[in-house]
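# A structural walkthrough
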Amino acid sequence: MEIKSSASLVREMKKVGIKPNKALGQNFIIDDNILTKTILASEINKKSGVLEIGPGLGALTHRLSQHALKVVSIELDGKLANHLGNSVLGYGNIKIIHADALKCDLNKIIAENFEGAKVFVVANLPYYITTPLIMKLLEEGLPISSATVMVQNEVAKRIVASHSTADYSAFSIACQFYSAPKVMFTVPPSAFYPPPKVTSAVVRLDVEGHTKPIVADERKFFKVVKAAFGQRRKTLVNALGSSFDMPKAQLKQLVSDVCGNENIRGENLDISKFIKISELIF
Ligand code: SAM
């Protein structure tokens, strides 16, 4: 069943005995136009495999199934997973998995379900775990073309932020290291039931076609990034000094050589400068 208004959604929830669970980030889409825009933004087609996280009552799931080859949706809430599983029995191309997406072996799920198809993640994410979910999607090297995800607008801004802006963070760098992200459109609270307190945005992170920067030691690169933003108000030299054993005088020289300014803060460095520092620091 497609869900198009809060009234029909509330009716369906009553029938199934479901109340939106705040702790699980359950804000369901009730605006059909947003579903259409999300599908268009994802650029899926009838040959696409779609991995959805958090299908809820299935508004997006049903629409995805009309535009894709196959949809696999992972839902943590047992009642919702069970209800949705029954309601999609008639569809030949939807599979519901009752599991915690953060704990799933997503590479295995993709290999088992989408053989030969290009795979796209499309989801209205549960906001309480947006960052770890996106990091999981990107860090595990999944064979996905892109991830089109609804997130809080504040998070969307962080994902695409450039250096020297207030929204720039270690998360911005990770997203832009593994993908080419862009904000597709914003979504008002009235598009959901219950309405969240914040504005949302759909972001697409393109993995296919994005060249990951070459870094000798990725672990060290991210250690440098984390150290720089862990103490954001400190100069980069002082922030790095807390996490690396390099003598301060050498650290100063290194930062000065790479950035032309030994008093610079981490938030002012682009990814290429973080890479250079990670290659020279010890
Ligand atoms: N896709 C639906 C929609 O747009 O109407 C629901 C989106 S709602 C924002 C997030 C959904 O993610 C809820 O159904 C919630 O139960 C589910 N969820 C929360 N934590 C999850 C997790 N760790 N793994 C999988 N699903 C989760």
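All values derive from a computational prediction rather than experimental measurement. (Residues numbered from 1 in each chain as written. Predicted model: local features only at pLDDT ≥ 70, side-chain atom pairs only at ≥ 80, totals over all residues. Heavy atoms only, no water.)

### Details of the pattern of salt bridges
Using the criterion set out here, one finds 11 salt bridges in the structure. One salt bridge in this structure joins Lys 136 and Glu 140, with 3.1 Å as the shortest N-O distance. For Lys 136, a relative accessible area of 9% puts it in the buried group. Judged by its relative accessible area of 35%, Glu 140 is partly exposed. Arg 233 serves as the salt-bridge partner of Glu 267, at 3.7 Å between the closest nitrogen and oxygen. Here Glu 267, found in the loop between α11 (248-259) and α12 (271-280), pairs with Arg 233, found in the loop between α9 (218-230) and α10 (236-241); they are 34 residues apart in sequence, far enough to count as distant. The buried category is assigned to Glu 267, whose relative accessible area is 14%. (Salt bridge = Lys/Arg side-chain N within 4 Å of Asp/Glu carboxyl O. Buried < 20%, exposed > 50% of the residue type's maximum accessible area, 1.4 Å probe, protein only. Helix = DSSP H or I, 4+ residues; strand = E, 2+ residues; numbered from the N terminus.)

### Some points on the pairing of strand β5 (residues 118-124)
Counting buried residues in β5 gives six out of seven residues, a clear majority hidden from the surface. Where strand β2 (residues 48-53) lies against β5, four bridges are found, and the strand directions are parallel. Of the residues in β5, the one forming a bridge with Val 50 is Phe 120. The pairing of β5 with strand β6 (residues 146-152) spans five bridges and is parallel. The residue of β6 that forms the bridge with Asn 124 is Met 150. (Pairing = 2+ DSSP bridges.)

### Here we look at the environment of Leu 9
Tracing the backbone through its elements, the reader meets Leu 9 in helix α1 (residues 6-16). Residue classification places Leu 9 among the buried positions, given a relative accessible area of 1%. The sequence separation of Leu 9 and Tyr 127 amounts to 118 residues, and the corresponding C-alpha distance is 20 Å.

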